[in-house]
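# Structure at a glance
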Amino acid sequence: MYDLIAGPWHWSVSGLLIALTMFALLYAGKAFGFSSNLRTMCSIAGAGKRVKFFDFDWKAQRWNLVFAGGAILGGFIAYYLIPNPEPVQLSAATLNYLDEAGVSRPGSTPGFSSFAPAELFGIDSLLSLKGLIVIIIGGFLIGFGTRWAGGCTSGHAISGLSNLQLPSLIAVVGFFIGGLTMSWLVLPFILQL
Amino acid sequence: MRYLTYLFLGTFFGVVMTKSEAISWYRIQEMFRFESIHMYGIIGTAVVVGAIGVALSKQFGWRTSEGKEWNLKPKDFSVPRYLFGGIIFGLGWAMTGACPGPMFTLLGQGIWSIGLLILSATFGTYVYGVLRDRLPH
């Protein structure tokens, strides 16, 4: 039983459980979408006094912040209390790419999460050019892009497509145009910095 | 009491994202390089199950716990906002291997630099708010 929970879980199980999370929120009268929390956080920080876009009743969005707080707690529990027994098992092709790009394989940095490479996300990486670019510029693009598009993976790819929304399909096409451009054309250069 | 429900649901989601490895930078690279079915399987299953459930809810008029209609408002149609906004988010997603949900889960895993990522994402949303009237929607 413990092994079953410790994972990793099959993609079909994971996809099913994500859909169930969405239904639970819909049943509660809410909608599944994480990126609106970033707007709420701007409002709480007082951005509504200067910019009209942030002048709204953020208190009605508190449930979503609590949901995000739960996502933090869930990460803690799943990572520290019932850790995945092995690092991410990537395809041979991806491992090959990592080796060529000089990125450490999952789990190869002792003491650091096996879910992300220490060169980009370790605390020391904040002193490196590529680490700073990924964290600062990458974060900015996520915050700017999701709000312009009106949603992220949860809001458009999962909720929007489930509701057969054409705008969400356009957004997802956009996600992939941007993602493929970054992965194939831009990121290889950043990793060399 | 209601907040406890959302805390529980968020925790459940954080566990699912971790156990599915969907929060992994590596998995996102693998997805955009078309080198595994893993992430497509997760998102595809969620969408198929989601679409069936949403269709059933409309067919049978399922209500929320408070007896209201489900929050499934159609989105206003336009191309530029979804396409351009989507492309910008996609660039950030492939760079950081994280989207707004997983960012929070990764923070719970003790990857502290993610705290700065969340701050810069919040700043990105702020800048969007400032420029909003000048962007095509």
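Residues numbered from 1 in each chain as written. Chains lettered and ligands numbered in written order. Predicted model: local features only at pLDDT ≥ 70, side-chain atom pairs only at ≥ 80, totals over all residues.

## Some remarks on the overall build of chain A
Of regular secondary structure, chain A possesses 9 helices and 0 strands. Sequence-ordered secondary structure for chain A, helices as α and strands as β, is α-α-α-α-α-α-α-α-α. Viewed in the frame of its principal axes, chain A has a C-alpha envelope of about 45 × 45 × 30 Å. Buried positions account for 50% of the 193 residues belonging to chain A. (Helix = DSSP H or I, 4+ residues; strand = E, 2+ residues; numbered from the N terminus. Buried ≥ 20, exposed ≤ 12 C-beta atoms within 10 Å, placed from the backbone.)

## Describing the packing of helix α4 (residues 62–81) of chain A against helix α5 (residues 100–108) of chain B
Close contact between α4(A) and α5(B) brings their axes to 7 Å; oriented N to C, the two are set at 45°. The angle between the axes of α4(A) and α5(B) places the two elements in the oblique class. The hand of the α4(A)/α5(B) crossing is right-handed. Across the interface between the two elements, A68(A), A71(A), I72(A), L73(A), G74(A), G75(A), F76(A) and Y79(A) from α4(A) touch G101(B), F104(B), T105(B), L106(B), L107(B) and G108(B) from α5(B). (Axes fitted to C-alpha atoms, helices over the stretch in contact; angles between N-to-C directions. Parallel < 35°, antiparallel > 145°, perpendicular 65-115°, else oblique. Left-handed = near helix turned anticlockwise from the far one by under 90°. Contact = placed C-beta atoms within 7 Å.)

## Points about helix α8 (residues 153–162) of chain A
Since one α-helical turn is 3.6 residues long, residues separated by three or four positions face the same way. All names here are of chain A. With 10 of its 10 residues buried, α8 lies for the most part within the structure. Those residues of α8 lying buried are T153, S154, G155, H156, A157, I158, S159, G160, L161 and S162. Positive phi appears at L164, one or two residues downstream of α8, with a value of about 55°.

## Examining the interface of chain A and chain B
Contacts between the two partners involve 109 residues from chain A and, on the opposite side, 98 residues from chain B. Only α2 (11–27), α3 (36–44), α4, α5 (92–101), α7 (129–149), α8 and α9 (166–192) of chain A provide two or more residues apiece to the side of chain A that touches chain B. Among the elements that line the side of chain A that touches chain B, the one with the most residues is α9(A), at 18 residues. Residues belonging to the side of chain A that touches chain B are distributed by class as follows: 71 nonpolar, 35 polar and 3 charged. (Nonpolar A, V, L, I, M, F, W, Y, C, P; charged D, E, K, R; others polar.)

## A few points about unusual backbone geometry
Cis geometry marks the peptide bond from G7(A) to P8(A); its omega dihedral reads 0°. Positioned with a positive phi, L164(A) is a non-glycine residue whose angle comes to about 55°. A positive phi angle, near 70°, is found at E21(B), a position not held by glycine. Looking at the element boundaries, E21(B) is found in the loop between α1 (2–19) and α2 (25–32).

## Quick word on α7(A)
Residue and element names in this part refer to chain A. With 21 residues, α7 ought to run about 30 Å at 1.5 Å a step, and its terminal C-alpha atoms sit 29 Å apart, in line with that. With 15 of 21 residues buried, α7 lies mostly within the body of the structure. Where α7 terminates, the next one or two residues include G150, which has phi positive at roughly 75°. (Expected span 1.5 Å × (residues − 1).)

## Some remarks on the environment of T153(A)
Take T153(A): it is sitting in helix α8. Looking at T153(A), the number of C-beta atoms within 10 Å reads 26, which means it is buried. Setting aside residues up to four positions removed in sequence, T153(A) forms contacts with I158(A), C99(B) and G101(B).

In short, shape yes, function no, at least from these values alone.
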